[in-house]
2 protein chains.
Amino acid sequence: MTRPLRADALRNRERLVAAATELFTGSGVDVPLDRVAKRAGVSIGTLYNHFPNRGALIDAVLPDRVGELDRLAAHACAAGDPWSGFTTFLYGMFEMQAADRAINDAILQGRPPGPTAVPAECGRGGGVVEQVLGRARDAGVLRADFGPSDLGMLVRSMAQVIAWSEGDDEVWRRHLGFVLTGVWAGRS
Amino acid sequence: MTRPLRADALRNRERLVAAATELFTGSGVDVPLDRVAKRAGVSIGTLYNHFPNRGALIDAVLPDRVGELDRLAAHACAAGDPWSGFTTFLYGMFEMQAADRAINDAILQGRPPGPTAVPAECGRGGGVVEQVLGRARDAGVLRADFGPSDLGMLVRSMAQVIAWSEGDDEVWRRHLGFVLTGVWAGRS
DNA sequence: TAACAACTTGAGGGCCACCTCAGGTTGCTG
DNA sequence: CAGCAACCTGAGGTGGCCCTCAAGTTGTTA
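Since the model is a prediction, treat every value here as computed from it, not as a measurement. (Residues numbered from 1 in each chain as written. Chains lettered and ligands numbered in written order. Predicted model: local features only at pLDDT ≥ 70, side-chain atom pairs only at ≥ 80, totals over all residues. Heavy atoms only, no water.)

## Notes on the overall build of chain A
Move 1: Per the secondary structure count, chain A includes nine helices and zero strands.
Move 2: Helices and strands in chain A line up, N terminus first, as α-α-α-α-α-α-α-α-α.
Move 3: Across the 188 residues that make up chain A, the buried fraction comes to 45%.
Move 4: Summarising the internal contacts of chain A: among those between residues at least 6 apart in sequence, 69% fall at separations of at least 24. (Helix = DSSP H or I, 4+ residues; strand = E, 2+ residues; numbered from the N terminus. Buried < 20%, exposed > 50% of the residue type's maximum accessible area, 1.4 Å probe, protein only. Contact = heavy atoms within 4.5 Å.)

## A short note on the UniProt feature "DNA-binding region" (unreviewed entry) in chain A
Move 1: Here, UniProt's "DNA-binding region" (unreviewed entry) annotation points to residues 32-51 of chain A.
Move 2: Its end C-alpha atoms 14 Å apart, residues 32-51 of chain A is made of 75% helix and 0% strand. (UniProt positions renumbered as here; feature names shortened; annotations may be inferred.)

## Describing the side chain of Asp105(B)
All names here are of chain B.
Move 1: Mapped onto the elements of the fold, Asp105 is located in helix H6 (residues 101-109).
Move 2: Overall, the relative accessible area of 9% leaves Asp105 in the buried class.
Move 3: Not counting the four nearest positions on each side in its chain, Asp105 is found in contact with Gly28, Val29 and Gly110.

## Notes on the protein's contact with DNA strand C
Move 1: Residues in close proximity to DNA strand C total 20 residues, the closest being Arg6(A), Asn12(A), Thr46(A), Asn49(A) and Arg54(B).
Move 2: Each atom of DNA strand C within 4 Å of the protein was assigned to sugar, phosphate or base; sugar and phosphate come to 69%.
Move 3: For DNA strand C, a phosphate oxygen lies 2.8 Å from a polar atom in the side chain of Thr46(A).
Move 4: Side-chain polar atom of Arg6(B) to a base oxygen of DNA strand C: 3.3 Å apart, as the coordinates give it.
Move 5: Sorting elements by how many residues they give to the surface near DNA strand C places helix H3 (residues 44-50) of chain A first, with five residues.
Move 6: Here the residues of the surface near DNA strand C are counted per class, giving eight nonpolar, six polar and six charged. (Near = heavy atom within 4 Å. Polar contact = N/O pair within 3.5 Å; in protein donor to acceptor, adjacent residues only side chain to side chain. Nonpolar A, V, L, I, M, F, W, Y, C, P; charged D, E, K, R; others polar.)

## Structural notes on the packing of helix H5 (residues 82-99) of chain A against helix H8 (residues 148-165) of chain A
Residue and element names in this part refer to chain A.
Move 1: At their nearest, the axes of H5 and H8 sit 10 Å apart, and the two run at 45° to each other. Relative to H8, the element H5 is oriented oblique. At the point where H5 passes H8, the crossing takes the right-handed sense. Only Leu151, Leu154, Val155, Met158, Ala159 and Ile162 of H8 make contact with H5, whose side of the interface consists of Leu90, Met93, Phe94, Gln97 and Ala98.
Move 2: Residues belonging to the contact of H5 with H8 are distributed by class as follows: ten nonpolar, one polar and no charged. (Axes fitted to C-alpha atoms, helices over the stretch in contact; angles between N-to-C directions. Parallel < 35°, antiparallel > 145°, perpendicular 65-115°, else oblique. Left-handed = near helix turned anticlockwise from the far one by under 90°.)

## Quick notes on the side chain of His175(B)
Move 1: Looking at where His175(B) falls in the secondary structure, it is placed in helix H10 (residues 169-183).
Move 2: Judged by relative accessible area, which is 4%, His175(B) ranks as buried.
Move 3: Among all residues touching His175(B), those that are not within four sequence positions of it are Met153(A), Leu154(A), Ser157(A), Met158(B) and Val161(B).

## So, the relation of the copies chain B and chain A
Move 1: For the pair chain B and chain A, the best superposition has an RMSD of 0.2 Å and corresponds to a rotation of 179° with a translation of 0.0 Å parallel to the axis. Both copies of the chain, as the preceding transformation shows, are related through a two-fold rotation axis. The position closest to the rotation axis in chain B is occupied by the C-alpha of Gly182(B), lying 1.9 Å away.
Move 2: Taken together, the interface assignments show that 100% of the residues at the interface of chain B recur at the interface of chain A, consistent with an identical surface on both copies. (Least-squares fit on C-alpha atoms with pLDDT ≥ 70 in both.)

## Brief notes about H5(A)
Move 1: With 18 residues, H5(A) extends 26 Å between its outermost C-alpha atoms, agreeing within 8% with the 26 Å of an ideal straight helix rising 1.5 Å per residue.
Move 2: Along H5(A), the positions that sit buried rather than exposed are Pro82(A), Trp83(A), Gly85(A), Phe86(A), Thr87(A), Phe89(A), Leu90(A), Gly92(A), Met93(A), Phe94(A), Met96(A) and Gln97(A). (Expected span 1.5 Å × (residues − 1).)

## Quick look at the packing of aromatic side chains
Residue and element names in this part refer to chain B.
Move 1: Here the structure, examined in full by the defined rule, presents twelve aromatic pairs over all chains.
Move 2: For the ring pair Phe86 and Phe146, a centre distance of 6.4 Å and an interplane angle of 80° mean the geometry is edge-to-face. Of this pair, Phe86 sits in helix H5 (residues 82-99) while Phe146 sits in the loop between helix H8 (126-138) and helix H9 (148-165), and the two are 60 residues apart along the sequence.
Move 3: Here the aromatic rings of Phe94 and Trp172 are separated by 6.4 Å at their centres, their planes lie at 65°, and the arrangement is edge-to-face. (Phe/Tyr/Trp six-rings, centres within 6.5 Å; stacked < 30°, edge-to-face > 60°.)

## Quick notes on the pattern of salt bridges
Move 1: A full pass over the atoms with the stated rule returns 18 salt bridges over all chains.
Move 2: Note that Arg6(A) and Asp8(A) form a salt bridge whose closest N and O atoms lie 3.0 Å from each other.
Move 3: When its relative accessible area of 62% is taken as the criterion, Arg6(A) is described as exposed.
Move 4: Arg174(A) is paired through a salt bridge with Asp145(B); the nearest N and O atoms lie 3.4 Å apart. Residue Arg174(A) is found in helix H9 (residues 169-183), and its partner Asp145(B) is found in the loop between H8 and H9; the two belong to separate chains.
Move 5: Through salt bridges with shared partners, a single ionic network connects Arg143(A), Asp145(A), Asp150(A) and Arg174(B). (Salt bridge = Lys/Arg side-chain N within 4 Å of Asp/Glu carboxyl O.)

## Some points on the protein's contact with DNA strand D
Move 1: If you check the shell around DNA strand D, you find 21 residues, and the closest are Tyr48(A), Arg54(A), Arg6(B), Asn12(B) and Thr46(B).
Move 2: Atoms of DNA strand D within 4 Å of the protein belong to the sugar or the phosphate in 67% of instances, the rest to bases.
Move 3: Within the side chain of Asp34(A), a nitrogen or oxygen atom sits 3.5 Å from a phosphate oxygen of DNA strand D.
Move 4: The contact in question runs from a phosphate oxygen of DNA strand D to an N or O atom on the side chain of Tyr48(A), over 2.8 Å.

This is how it looks when you write it as structure tokens:
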């Protein structure tokens, strides 16, 4: 079906993804596409040959990063204590989110009619994430009614908090701490 | 210094504010200014005569609404129980925020380098708000270290949650409940 | 190496919102 | 009511970004 790309085409595509990754990560997913093309050393036309729109480019950039979620979640499941597994998973995840404006922006901008495939990607890793949640719930340390949609909302709200933290991790950590205390079901 | 406006100028200014209030409230603070002018029955040039930029218009629209905060806060202080005073204040405030896209948008978009004077306005009512906080803290029902900046962060994060709730108040109420549980310092 | 298809190029058209300003209109004052 | 300032008007300039496409270039296959 899909015949192999010509050598130069493949090279250009890789350069484009690399340039987009850099710019999206640093300045958000709103950077003019001309700038992405220029940084890739390629014409704007070529960019559009490979990616019909901005969303396609974002979709090409994000999945790599989302893969890290799997590792984080696996690590969390391996932890002895379900609660600390759950919390370190969240802290790790938001650390990643705070370090990469592309991710944070994608979450912020994924307004109700989400344009890109981020939700789909999140669904992919959803299985593992659901495991982390389930383990904490079953152990009775997480509110029994805390579901994936609650986590989704937390991610979105934290994206906003992170954007306001301006690089100071302590700021969003503090806020996250409040919420975690709120969803903790253990005995104090 | 500032001599009184001419009669027609005053009328136009009022019409502009009214039109902007309607449009901002319903469709967010991003509506094209041409549309605001048209709805006010005034030319775009007149709009710029009165308000040099969008921020000035927003500043003219919001303060009315922020005034309601004072009433809410006063009501909260009048409540017998400091904790229920605190929580009903917050629920009331976010209800207002959920009902008015102008407010919610202004909060969401007031990115770190905030353009409009919303923060200043919040500071104005800040005295009363600080009272509500202080009362709850002094009564030992609110974390002793929960300050105004924490409240500010909560407001911002809730703005995001509200935007995602798409009119379903139960959604943001649920999330707010988590956070409130987290900052509650009473004995369970 | 010929010859085709795949790919690239970048000027340019479209769109939309922002904002200006020269000229016309209107309230106001004496 | 004259005459001046204050005010209004809206066509049009500006800028940014989006996206297209006809013409040129380059990899590839035979």
